[in-house]
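# Examining the three-dimensional arrangement
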Amino acid sequence: MKNIWIICRKELRSYFASPIAYGLMAFFAAIAGYFFYVATAIFVTRGLESQMMGRGFPMDVNEWVVRPVLMNISVIGLFLIPMITMRLFAEEKRSGTIELLATSPVRDSEIILGKWLAALILYTCILAISALNIALLFLYGKPDWRPILVGYLGLLLQGGALLAIGTFISTTTRNQIIAGTATFAACLLLWVFDWITAYETTTWAKVMSYLSVVTHFEPFAKGVLDSKHAIYYLSVIFFGLFLTARSMESLRWRA
Amino acid sequence: MIKVESLTKRYARTVAVDGISFEVEKGRIVGFLGPNGAGKTTTMRVLTCFMPPTSGTARVAGFDVLQQPLEVKKRIGYLPESPPLYPEMEVVEYLRFVGRLKGIPKSAVDRRVDEVCERCAITDVRTRLLSKLSRGYRQRVGLAQAIIHNPDVLILDEPTAGLDPKQINETRRLIKSLAGDHTIILSTHILPEVEQTCEQVIIIDKGKLVATDTVENLTHRLRGSETVAVEVAPRDGALETAEVQRRLEQVPGVSRVIFKETRDNRHRFEVESLEGRSVRGALARSVVEAGWDLVELHATALSLEQIFLQLTASEDGGAAGGKP
Ligand SMILES: Nc1ncnc2c1ncn2[C@@H]1O[C@H](COP(=O)(O)OP(=O)(O)O)[C@@H](O)[C@H]1O
Ligand SMILES: [Mg+2]
């Protein structure tokens, strides 16, 4: 436990010592802010229209603003995650510092968990920026806070799962750029699986649809907490970290 | 303290370490000598549990590197070929991180960092970024991280490679000063380094053990013969290289004549004597008597290759003759 935290703190320190963390935050703040603005604008115009037609104001903030914003954020996440995980192991392998970690009295699992946790914490910090947007809604309206919480839980689970995959990919190369590109490709693939499957009904299509990260996020965005989907994300996290451990082990044999 | 038995490490295509065995007693400074590609780094990586051996065993302080890697790692300080530094960290911050990683409790780590900074003479760069350090300082911070948890065994991979002569001297002195408290293995491909720093030497070549001995015994054994550089020029006209070579080979006491180069009609050779013979006088006489000019004649230090040639020749294949 203690070792995980030691590794995690070192990773966080590296993230925040370089422009990466701030760059990602700024990038995210701009894009997420833009989507929030668009969603709110649509909501307001539609609301005014229906009011003028004499139907009162029956539109739901959660449905018209929170849900599309959460869906957008989950897609932006696909772009952020490769940037967060690409350096985790690739850079240690390139610079040789992996020799320090691997010859210190800590377990591989502690190194992996520490790094993954640091990535998750950075991702959470980035998501927190969008929470500021959502908080604005509470100033002007009365959105239901429970679906929002479930939505953020979904974002964290999805982030954790993709970060685990990215962590694994980062162990397979000593080149950050390759690690980042491959992780981006993997994220994209898991995302587009959902499109392919929209027109297919074969078993393969069902498998691909099951693997798609987006399929599993939708319920969270709607504010529905379904253990089936949470379990999907948790198993991807477990599987990704397990692969990372195997990869580290084989690195030792080949080194 | 360290016991290695028929250790073999095979990579995909090469056998980097081939069945070597040796022992190191507590408190010794041992030089691990061999040319590039001999398998020094590989052996050290097995000892530090960075990679497992293909076969054979290695034990550190009684713990097997495969069975109890965590126990071994607690007792080893390791300085890899290039110091494992994080460029974005400050010196003190880095040492604190390594200290915590090696299991020093939070309450003790600051004091320990101060101690190793003092010991490795890096106190003046405590708050400098690691990326901004000169080579000599990087090496010293590398040493500081290796000793921070006061390990029983220190493993240093070519600690003086790439340093300038002044830094080399400082580093050697520092390593020597650490000897009292730690068992030290350092690798090098430079013979004088072993002579100056170490008590015991382990020589490997192409993954095989060539010899292990005390430094005294080894230098004594090697002093037996001498190597001489000879440069000969004709007094006038031309001169055949082969003719000179034949004449030098006939000088009594000469075991081998190696042709080096011919430039401006000057022929350069390297001559090795038989054991216990000094041949410089006889060589000079022979050249002059042949009516040639002796342009240069001096004894050269033994190169590492020659040592390997001698050791492998005198020990009948070498690898088997390595018991201390
Ligand atoms: N990771 C590796 N993969 C494949 N071959 C390697 C690897 N590391 C070293 N070797 C090979 O093993 C041999 C020994 O290398 P090394 O232990 O680094 O020697 P030294 O440190 O004495 O120079 C060399 O032939 C080298 O090419
Ligand atoms: Mg080496």
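Every value quoted in this text rests on a predicted model; they were computed, and no experiment measured them.

Another point: the overall build of chain B. A count of helices and strands for chain B gives 11 helices and 14 strands. Taken over the C-alpha atoms alone, chain B extends approximately 80 × 45 × 35 Å along its principal axes. The proportion of buried residues among the 324 residues of chain B is 52%. Across chain B, the fraction of contacts at a sequence separation of at least 24, relative to all contacts at a separation of at least 6, is 67%. Accessible surface, chain B: about 14,700 Å² in total, of which carbon and sulfur atoms supply 46%. Positive and negative side-chain charges in chain B, numbering 45 and 44 respectively, have mean positions lying 6 Å apart.

Entries for chain B in the domain assignment read domain 1 (2-220) and domain 2 (222-300). In this structure, domain 1 of chain B and domain 2 of chain B have C-alpha centres spaced 42 Å apart.

A few words now on the environment of Ala-242 of chain B. Residue and element names in this part refer to chain B. Position of Ala-242 among the secondary structure elements: in helix α9 (residues 241-249). Accessibility expressed as a relative area gives 41% for Ala-242, which makes it partly exposed. Measuring from C-alpha to C-alpha, the distance between Ala-242 and Pro-151 comes to 58 Å, with 91 residues separating the pair along the chain.

The next subject is the pattern of salt bridges. Within the structure shown, the criterion is met by 33 salt bridges over all chains. Glu-93 of chain B is paired through a salt bridge with Arg-13 of chain A; the nearest N and O atoms lie 2.4 Å apart. A residue pair is termed interchain when its members come from two chains, as with Glu-93 of chain B in helix α3 (residues 91-101) and Arg-13 of chain A in helix α1 (residues 2-17). Relative accessible area serves as the criterion here: at 22%, Glu-93 of chain B is assigned to the partly exposed category. By relative accessible area, which is 29% here, Arg-13 of chain A ends up partly exposed.

Further remarks concern the interface of chain B and chain A. With 29 residues of chain B at the interface, the matching set in chain A holds 26 residues. Buried surface at the junction of chain B and chain A, summed over both partners, amounts to about 2,600 Å²; 61% is from carbon and sulfur atoms. When the area that chain B buries against chain A is broken down by residue, the three leading residues are Phe-50, Tyr-86 and Leu-101 of chain B, summing to 25%. The tally of links from chain B across to chain A stands at two salt bridges. Connecting chain B to chain A are eight residue pairs in polar contact (both at pLDDT 80 or more). Going through the elements one at a time, α2 (69-74) and α3 of chain B are the ones with two or more residues in the side of chain B that touches chain A. No other element matches α3 of chain B, which puts six residues into the side of chain B that touches chain A. Along the lines of polarity and charge, the residues of the side of chain B that touches chain A split into 17 nonpolar, three polar and nine charged.

In this section: the packing of helix α3 (residues 61-85) of chain A against helix α7 (residues 145-171) of chain A. All names here are of chain A. The N-to-C vectors of α3 and α7 enclose an angle of 15°; their axes lie 9 Å apart at closest approach. With respect to α7, the axis of α3 lies roughly parallel. Considering only the axes of α3 and α7, their crossing is right-handed. Across the interface between the two elements, Asn-62, Val-66, Leu-70, Ile-73, Ser-74, Leu-78, Ile-81, Ile-84 and Thr-85 of α3 pack against Pro-147, Ile-148, Gly-151, Tyr-152, Leu-155, Gln-158, Gly-159, Leu-162, Leu-163, Gly-166, Thr-167 and Ser-170 of α7. When its residues are assigned to classes, the contact of α3 with α7 shows 12 nonpolar, nine polar and no charged.

What follows concerns the environment of Gly-253 of chain B. Topologically, Gly-253 of chain B is positioned in the loop between α9 and β12 (254-263). Along the chain, Gly-253 of chain B and Glu-272 of chain B lie 19 residues apart, while their C-alpha atoms are 8.8 Å from each other.

Looking now at a nonpolar patch on the surface. Residues Trp-204, Val-207, Tyr-210 and Leu-211 of chain A make up a contiguous nonpolar surface patch of roughly 440 Å² in combined accessible area. By secondary structure assignment, the location of Val-207 of chain A is in helix α9 (residues 203-211).

Residues and elements named next belong to chain B. The six strands are arranged β6-β7-β8-β3-β9-β10 in an open sheet whose pairing can be described as mixed. Only two strands of the sheet have a single neighbouring strand rather than two, namely β6 (76-79) and β10 (208-214). Across the sheet, the mean angle separating the axes of adjacent strands is 15° when strand polarity is ignored. Alignment of strand β3 (residues 29-33) against strand β8 (residues 183-188), held across five bridges, turns out to be parallel. When the sheet's bridge partners are listed, Ile-29 is paired in β8 with Ile-184. Packed onto the sheet, helix α1 (residues 40-47) meets β3, β6, β7 (153-157), β8 and β9 (200-205) and runs at close to 150° relative to β8. Where helix α6 (residues 165-178) meets the sheet, its contacts fall on β3, β7 and β8, and the angle it forms with β8 comes to roughly 155°.

One finds Tyr-94, Leu-95 and Ile-122 of chain B to be the most contacted residues of the largest nonpolar core, which totals 145 residues. Here this core takes 12 residues from helix α6 (residues 108-140) of chain A, the largest share from any one element. Apart from the residues within four sequence positions on either side, Leu-95 of chain B is in contact with Val-113, Val-116, Cys-117, Ile-122, Val-141, Ala-144, Gln-145 and Ile-148 of chain B. With 15 residues, the next largest nonpolar core counts Val-228, Val-244, Leu-248 and Val-257 of chain B among its residues.

So, how was this worked out
Residues numbered from 1 in each chain as written. Chains lettered and ligands numbered in written order. Predicted model: local features only at pLDDT ≥ 70, side-chain atom pairs only at ≥ 80, totals over all residues. Heavy atoms only, no water. Helix = DSSP H or I, 4+ residues; strand = E, 2+ residues; numbered from the N terminus. Buried < 20%, exposed > 50% of the residue type's maximum accessible area, 1.4 Å probe, protein only. Contact = heavy atoms within 4.5 Å. Areas by Shrake-Rupley, 256 points an atom, 1.4 Å probe, with all protein chains shown as cover. Lys, Arg positive; Asp, Glu negative; His and termini not counted. Charge placed at Lys NZ, Arg CZ, Asp CG, Glu CD. Domains from an automatic or database assignment. Salt bridge = Lys/Arg side-chain N within 4 Å of Asp/Glu carboxyl O. Buried area = accessible area lost by both parts, 1.4 Å probe. Polar contact = N/O pair within 3.5 Å; in protein donor to acceptor, adjacent residues only side chain to side chain. Nonpolar A, V, L, I, M, F, W, Y, C, P; charged D, E, K, R; others polar. Axes fitted to C-alpha atoms, helices over the stretch in contact; angles between N-to-C directions. Parallel < 35°, antiparallel > 145°, perpendicular 65-115°, else oblique. Left-handed = near helix turned anticlockwise from the far one by under 90°. Patch = residues over 30% accessible without salt bridge, like charges linked within 9 Å, V, L, I, M, F, W, Y side chains within 5 Å. Pairing = 2+ DSSP bridges. Core = buried A, V, L, I, M, F, W, Y, C linked by side-chain atoms within 4.5 Å.

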